[in-house]
Amino acid sequence: MSQPPARGARASRGRIAVSGPTSALTSFLREQGISAREISYRHRRRQEEAAGANGDVAPAAADENDTADIAIINDDDDDDGETDDDVVVAVPAANGSRGSGRGRGASAAAAAAKRRKRKLRDDSSDSDNDPPVAAVPRDTQDPICIRCKAPINQWRRSAFASICRDCVVMQQEQSRATERIVRAAARDNPDIMDADLVQSTVDAAMAAVSSGGAGKGKRRLGKLRETAAEFAMVRDDGNLVLAASSVPSLQDMCIKGLGDLIDSVESLGDIVSETNLRKLARVLCKKRLLDGTNVRLFCGAHVVSLSLFDVTNLDADGLGQLADLTPNLVHLHLAFCGRATDATFDSWIDARWMFLTDLTLKGPYLVTDRGWGRLFDAYGRNLSKLHLEYCTKLARIGIDSLVISQRENGFPLEDLALNYADSLTAETLTELSLLTMVQGLSLLYSCRHLTDEHMDNFTRTMPGLRAIALAEALHLTDKTLFSLRRIHNALRHFSVADVPGFTAEGVDAWVLGHWPPRRPFRIEAERRRLEAETAMDVDVPAPAAAAAAAAATAAAATNEQEQEVNEEEEDAAAERAEWEEYDRLDPARDHSDLLRPDIAPLQLETLVLDRCRGTNHDSVITTLFAATGTKLVRLGLNWMDCLTAPAIVSLCDYAGATPSLRDLDLSWVRCVDDPVLEMLVDRQTALERLTVFGCSRLTAVAATRRWENGRGDRIALIGHELMQV
């Protein structure tokens, strides 16, 4: 059998010969200049550099008693014609051996090295031109990571000899973050993506995405969350998820920097853009840095829209100065203005804002009813939007002034919100029905005296009512739901919370258009069940001796049963009378328009039924889904804990071919588990936000998984204890 040619013979022919099962790998390694010697040399050099950078001293030379000499064979051929380009390392000898014992150990080591070299001759990957490198005795210390400069112990080892496991994990996370950043940038700016922009985008974002101390190798999620929250304040939508997963623009970064340096307000100059002013105001208000000094930055004769989201640091006089600083206001939005008083309103009245049409005040609980009356006398006639929260002293005088001023100008008010207005009475609520052009009505936690009669007035006098928001309306019943049929053409948003008077039968009557609701009388149902159980009983023959006693017992039982039946019939009649009184419509009003068969179907885009215990049934959900499933954009079912999984999943059946649902709140709906959540995400392809507070059946797998909608965007999963931002 022919022997393979020597290494020199193969090299002289100028081609690669085929010899052995690993010849292809050997040839590739030789062509690329990769050898075991070179790898060992580079690893040793990196370890020495890392040890030097870490302040450690290189290990001392081995004692001559512990190791034998290191022999390096030159490239010349030896006696048996073999190339000597392998490293021959002597095996360490025993500490106590000297003289002849040491010589015998060295000879045995040399012989063993020759045998290994002869055995690995065919598949050796060493190159003829590799530099001779002396092998280093094995060090007992742990290797050092070339990135974090920390020792790599047995718990921090990775697939790389010179990189610890923590650094490998950090590199993988940075790679994934870079991919997400590039995809987001390409999606937002598809026309300007080039190599330089991609690189600059990635470099700018990695500082915000990845951070960690030397040797730790972990991302500081708290710092990342804070950074994302700061940039979410600059965004108009305030979306924390998008702020954490996308790169902020240079303009937003500059605005955030201005917020950090707001103390140097005099040197900032003019910021003309209204959008930039609004973003900067949001940053300052979030940090509660807005005061009487820097508030002038947002004022001026050119300012027509002033939005300040936290004016806690401005007292009554400071709020009153806004009138002199902004004489041409059209839109005024102030939040946390709890220090405003009647004197503040008097200063605003003296400013004579002739074009003020939009007024939003949150927290003016110190202003009296007369103060509201003077304000509405001055500016009420031109208002088209009025949002008030915690106006606790607004009552009859203020509402009368608002209605009178609006009547003079043809009722231009279209958006009205009076939330947390504790002083509203039944008479003031009746006067609100005179505002005939209102399209959005919000009375959250102001419904202490709200009744079905008021809601009937609203639906009669406000035919264009598009949005209704109610909370804690304890006096409303199913009659309110039935009166909504008048505004089916316009109604798009219906949000209620803590309204116990709504029932499943009332919802069915509202959607299907029949009155009175078909009530299942509980007492009659219970009686029918007992009768059925009695009919199923089988008579057992009794002994002759007990026949007389059984007959007497049967007669007594018959009398008791007849008495119970009579009592049940009386209770059923009383219950029926109560329900008839409960469902009786006001005979003084005409309700024939509610029973017309040509009423437009319900087309809700927003449906919120939070903590409405009377509608906590599967039949309510399926009925509403069947009527509005194809149009729903936002759905809230908070605390509907009696719902079952089939009822929740039926939302997907009524969604149609192109689902439109984006915001879904299933907090405290106990039936929600991993399969239900996965089915909702898979079939509701437009979903963007999912709230799952109190859904205890969801596992950690579902809470930490990255959920994506049909467009590939991440779904914000909110409320689970294991969820990450």
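Residues numbered from 1 in each chain as written. Predicted model: local features only at pLDDT ≥ 70, side-chain atom pairs only at ≥ 80, totals over all residues. Heavy atoms only, no water.

(A) How the structure looks around the packing of aromatic side chains. With the rule as written, the count across this model stands at 11 aromatic pairs. Judged by centre distance (5.1 Å) and plane angle (15 degrees), the rings of Tyr420 and Tyr445 are stacked. You can see Tyr420 sitting in the loop between β7 (415-419) and α16 (426-432) and its partner Tyr445 sitting in the loop between β8 (440-444) and α17 (452-461), a full 25 residues away along the chain. Accessibility expressed as a relative area gives 28% for Tyr420, which makes it partly exposed. By relative accessible area, Tyr445 is classed as partly exposed at 28%. Linked through ring pairs, Phe345, Trp348, Trp353, Trp372, Phe376 and Tyr379 together constitute an aromatic cluster. Directly above the aromatic system of Phe336 lies the positively charged group of Arg288, at a separation of 5.9 Å from the ring centroid. (Phe/Tyr/Trp six-rings, centres within 6.5 Å; stacked < 30°, edge-to-face > 60°. Helix = DSSP H or I, 4+ residues; strand = E, 2+ residues; numbered from the N terminus. Buried < 20%, exposed > 50% of the residue type's maximum accessible area, 1.4 Å probe, protein only. Lys NZ or Arg CZ within 6 Å of the ring centre and 35° of its normal.)

(B) Region of the structure containing the pairing of β7. Among the five residues that make up β7, four are buried, leaving the element largely enclosed by the rest of the structure. With five bridges joining them, strand β6 (residues 385-389) and β7 adopt parallel strand pairing. Residue pairing in the sheet places Lys385 in a bridge with Asp415 of β7. Of the crossover connections in this fold, the one passing from β6 over helix α15 (residues 396-408) to the parallel β7 is right-handed. Taking the sense of rotation as the criterion, the β-α-β connection linking β7, α16 and β8 turns out right-handed. (Pairing = 2+ DSSP bridges. Right-handed = clockwise from strand over helix to strand, strands pointing away.)

(C) Structural context of the packing of helix α19 (residues 504-512) against helix α22 (residues 618-628). Between α19 and α22, the shortest axis-to-axis distance is 9 Å and the interhelical angle comes to 15 degrees. Considering the angle they form, α19 stands roughly parallel to α22. Crossing of α19 over α22 shows left-handed handedness. Residues Ala504, Val507, Asp508, Trp510 and Val511 of α19 touch α22, and the partners they reach there are Ser619, Val620, Thr623, Leu624 and Ala627. Partitioning the contact of α19 with α22 into residue classes produces seven nonpolar, two polar and one charged. (Axes fitted to C-alpha atoms, helices over the stretch in contact; angles between N-to-C directions. Parallel < 35°, antiparallel > 145°, perpendicular 65-115°, else oblique. Left-handed = near helix turned anticlockwise from the far one by under 90°. Contact = heavy atoms within 4.5 Å. Nonpolar A, V, L, I, M, F, W, Y, C, P; charged D, E, K, R; others polar.)

(D) Seen up close, the pattern of salt bridges. Within the structure shown, the criterion is met by 25 salt bridges. The partner of Asp583 in a salt bridge is Arg519, and the shortest N-O contact between them spans 2.8 Å. In this pair, Asp583 is assigned in helix α21 (residues 547-583) and Arg519 in the loop between α19 and α20 (522-536), connecting sequence segments 64 residues apart. Note on accessibility: Asp583 and Arg519 belong to one class, buried. With a closest N to O distance of 3.6 Å, Arg697 and Asp673 form a salt bridge. One end of the pair, Arg697, is in the loop between β14 (689-691) and α25 (700-704); the other, Asp673, is in the loop between β13 (663-665) and α24 (674-683), and 24 residues separate them in sequence. When salt bridges with common partners are traced through the structure, they connect Glu453, Asp456, Arg460, Arg486, Asp586, Arg589 and Asp593 into a single cluster. (Salt bridge = Lys/Arg side-chain N within 4 Å of Asp/Glu carboxyl O.)

Don't take any of this as a statement about function, it's just geometry.
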